[in-house]
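For reference, the chains in residue letters:
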Amino acid sequence: MQPDSLTFILLNTVLANNFVLAMFLGLCPFLGVSGKLNTAIPMGIATMFVMLVSSLCAFAINKVLVALDIEFLRLIAYIAIIGSAVQLVEMGLKKYSPSLFRSLGIFLPLITTNCAILGLALVQTFKEYNFTQSLVYAIGAGLGFILAIALMAGLREKLALANLPTVTQGAALSLMLGGLLSLTFMGFAGLGSV
């Protein structure tokens, strides 16, 4: 598989270079909202939407900034885009699904500071992806985020029913599960290599 092919970019971003489990970006919602599948999946979808919007806008803004020779404004512009996209998601959820809006709580506006989204925009810029590659990269990052948060939520729901020692409950268990998931995803590191 060619490293610049769309299939390679998608699989690599979902599995081998998963933003949460390989790059350790976006851990706040990963650990905070992954208690139940019915909140984890919508949070993953909301994050994926913000990733898509941010990625495509970052691609366009980068072209403008490079043409005007003001690349030093890249970070500020990307942050403004991410904040705007999160506001769109927040307003939509508040209007169409108030119960989900309440269940996501503080973690919904915190998507703005999710380093996975800013990392996505910066990495695609530095890799000099074209429009289609940027789109596939954002979809892969979003799918990888959904996969990671859904796996974590499923494990946490199952372990909530188990009889565990008190020392391993709560945050300790979440961190151990996150570490084990990260180790399992390390097996995808050689995916696509020749």
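Note on numbering: residues in each chain are counted from 1, in written sequence order. pLDDT decides what is reported in this predicted model: residues at 70 or higher carry local features, side-chain atom pairs at 80 or more are listed and counted, and totals for whole chains, interfaces and linings draw on all residues regardless. Excluding hydrogens and water, the side-chain values take into account all heavy atoms of the structure.

**Concerning the overall build of the protein chain**
Working step 1: Strands here mean DSSP runs of E at least two residues long; helices mean DSSP runs of H or I at least four residues long; both are numbered from the N terminus. Of regular secondary structure, the protein chain possesses eight helices and zero strands.
Working step 2: Along the chain direction, N to C, the helices and strands of the protein chain fall in the order α-α-α-α-α-α-α-α.
Working step 3: Our radius of gyration is a C-alpha quantity, and the globule rule it is checked against amounts to 2.2 Å times the number of residues to the power 0.38. A compact globule built from 194 residues should have a C-alpha radius of gyration of about 16 Å, and the protein chain, at 17 Å, falls within 12% of that.
Working step 4: Dimensions of the protein chain, computed from the C-alpha atoms along their principal axes, are close to 60 × 50 × 25 Å.
Working step 5: Counting over 194 residues, the protein chain shows a buried share of 40%. Burial classification: accessible surface area is computed with a 1.4 Å probe over protein chains only, and a residue below 20% of its type maximum counts as buried, one above 50% as exposed, and the rest as partly exposed.

**Some details on the packing of aromatic side chains**
Working step 1: In summary, the pairing rule links any two rings of Phe, Tyr or Trp, Trp by its six-membered ring, whose centres are within 6.5 Å, and it sorts them by plane angle into stacked for under 30 degrees, edge-to-face for over 60 and tilted for everything else. Throughout the structure, instances matching the rule amount to four aromatic pairs.
Working step 2: Relative to phenylalanine 131, the ring of phenylalanine 59 lies with its centre 5.7 Å away and its plane at 65 degrees, an arrangement referred to as edge-to-face. Of the two residues, phenylalanine 59 sits in helix 3 (residues 37–67) while phenylalanine 131 sits in helix 7 (residues 131–160), which places them 72 residues apart along the sequence.
Working step 3: Pairing tyrosine 129 with tyrosine 137 gives two aromatic rings, centres 5.3 Å apart and planes at 65 degrees, and the pair type is edge-to-face.
Working step 4: Tyrosine 137 gets classed as buried once you look at its relative accessible area, which sits at 3%.
Working step 5: An aromatic cluster is built from Phe19, Tyr129 and Tyr137, whose rings are joined through pairwise contacts.

**A short note on empty space enclosed by the protein**
Working step 1: A 1.4 Å probe that fits into a set of points on a 1 Å grid over the protein atoms alone but cannot get out defines a cavity; an open set with protein on both sides within 12 Å along at least five of seven lines defines a pocket, and lining residues are those with an atom within 4 Å of a point. Grid points are joined across faces, edges and corners, and a volume is the space filled by probe spheres set on the points. Enumeration over the complete set of coordinates arrives at two cavities of 30 Å³ or more.
Working step 2: In this structure, the largest cavity spans a volume of roughly 40 Å³.
Working step 3: If you trace the largest cavity, you find it lined by Ile9, Asn12, Thr13, Asn17, Met23, Lys127, Tyr129 and Tyr137.
Working step 4: With three residues, helix 1 (residues 6–16) is the single largest residue contributor to the lining of the largest cavity.

**Notes on the packing of helix 6 (residues 115–126) against helix 7**
Working step 1: Note on method: axes are straight lines fitted to C-alpha atoms, helices fitted across the in-contact stretch only, with angles between N-to-C directions ranging 0 to 180 degrees. One can describe the packing of helix 6 onto helix 7 by two numbers: an axis separation of 11 Å at closest approach and a directional angle of 145 degrees. Every pair of crossing elements has a handedness; the one defined by helix 6 and helix 7 is right-handed. Of helix 7, the residues touching helix 6 (which contributes Leu120, Val123 and Gln124) are Ser134, Tyr137, Ala138 and Ala141. Helix crossings get a hand from a simple test, with the near helix turned counterclockwise from the far one by less than a right angle marking a left-handed crossing and a clockwise turn marking a right-handed one. Here a residue-residue contact requires only that any non-hydrogen atoms of the pair lie within 4.5 Å.

**Regarding unusual backbone geometry**
For residues besides glycine, phi is generally negative; the peptide bonds are generally trans as well.
Working step 1: Look at aspartate 69: it is not a glycine, yet its phi comes out positive at around 60 degrees.
Working step 2: One can find aspartate 69 in the loop between helix 3 and helix 4 (74–96).
Working step 3: By relative accessible area, which is 57% here, aspartate 69 ends up exposed.
Working step 4: Here glutamate 128, not a glycine, exhibits a phi torsion of approximately 55 degrees, which is positive.
Working step 5: Note on placement: glutamate 128 falls in the loop between helix 6 and helix 7.

**Structural notes on the packing of helix 4 against helix 6**
Angle between the axes and distance between the axes: these two values describe a pair of packed helices.
Working step 1: Two numbers describe how helix 4 lies on helix 6: the axes approach to 10 Å, and their chain directions differ by 135 degrees. Taken as axis vectors, helix 4 and helix 6 run oblique relative to one another. Handedness of the helix 4/helix 6 crossing: right-handed. The residues of helix 6 that touch helix 4, namely those facing Arg74, Leu75, Tyr78, Ile79 and Ile82, are Ile117, Leu118, Ala121, Leu122, Thr125 and Phe126.
Working step 2: The residue classification treats Ala, Val, Leu, Ile, Met, Phe, Trp, Tyr, Cys and Pro as nonpolar and Asp, Glu, Lys and Arg as charged. All others, Gly included, are polar. Per-class residue counts for the contact of helix 4 with helix 6 are nine nonpolar, one polar and one charged. These descriptions rest on fixed angle ranges, namely under 35 degrees for roughly parallel, over 145 for roughly antiparallel, 65 to 115 for roughly perpendicular, and the rest for oblique.

**Here's the deal with the nonpolar core**
Working step 1: The definition of a nonpolar core used throughout is a set of buried Ala, Val, Leu, Ile, Met, Phe, Trp, Tyr and Cys residues joined through side-chain atoms within 4.5 Å. One finds Leu21, Phe30, Val50, Leu104, Leu108, Ile111 and Leu120 to be the most contacted residues of the largest nonpolar core, which totals 39 residues.
Working step 2: Elements that contribute at least two residues to this core include exactly helix 1, helix 3, helix 4, helix 5 (98–104), helix 6, helix 7 and helix 8 (171–185).
Working step 3: When residues no more than four places from it in sequence are discounted, the contact partners of phenylalanine 30 are Val20, Leu21, Ala148, Ile149, Met152, Gly178 and Leu181.

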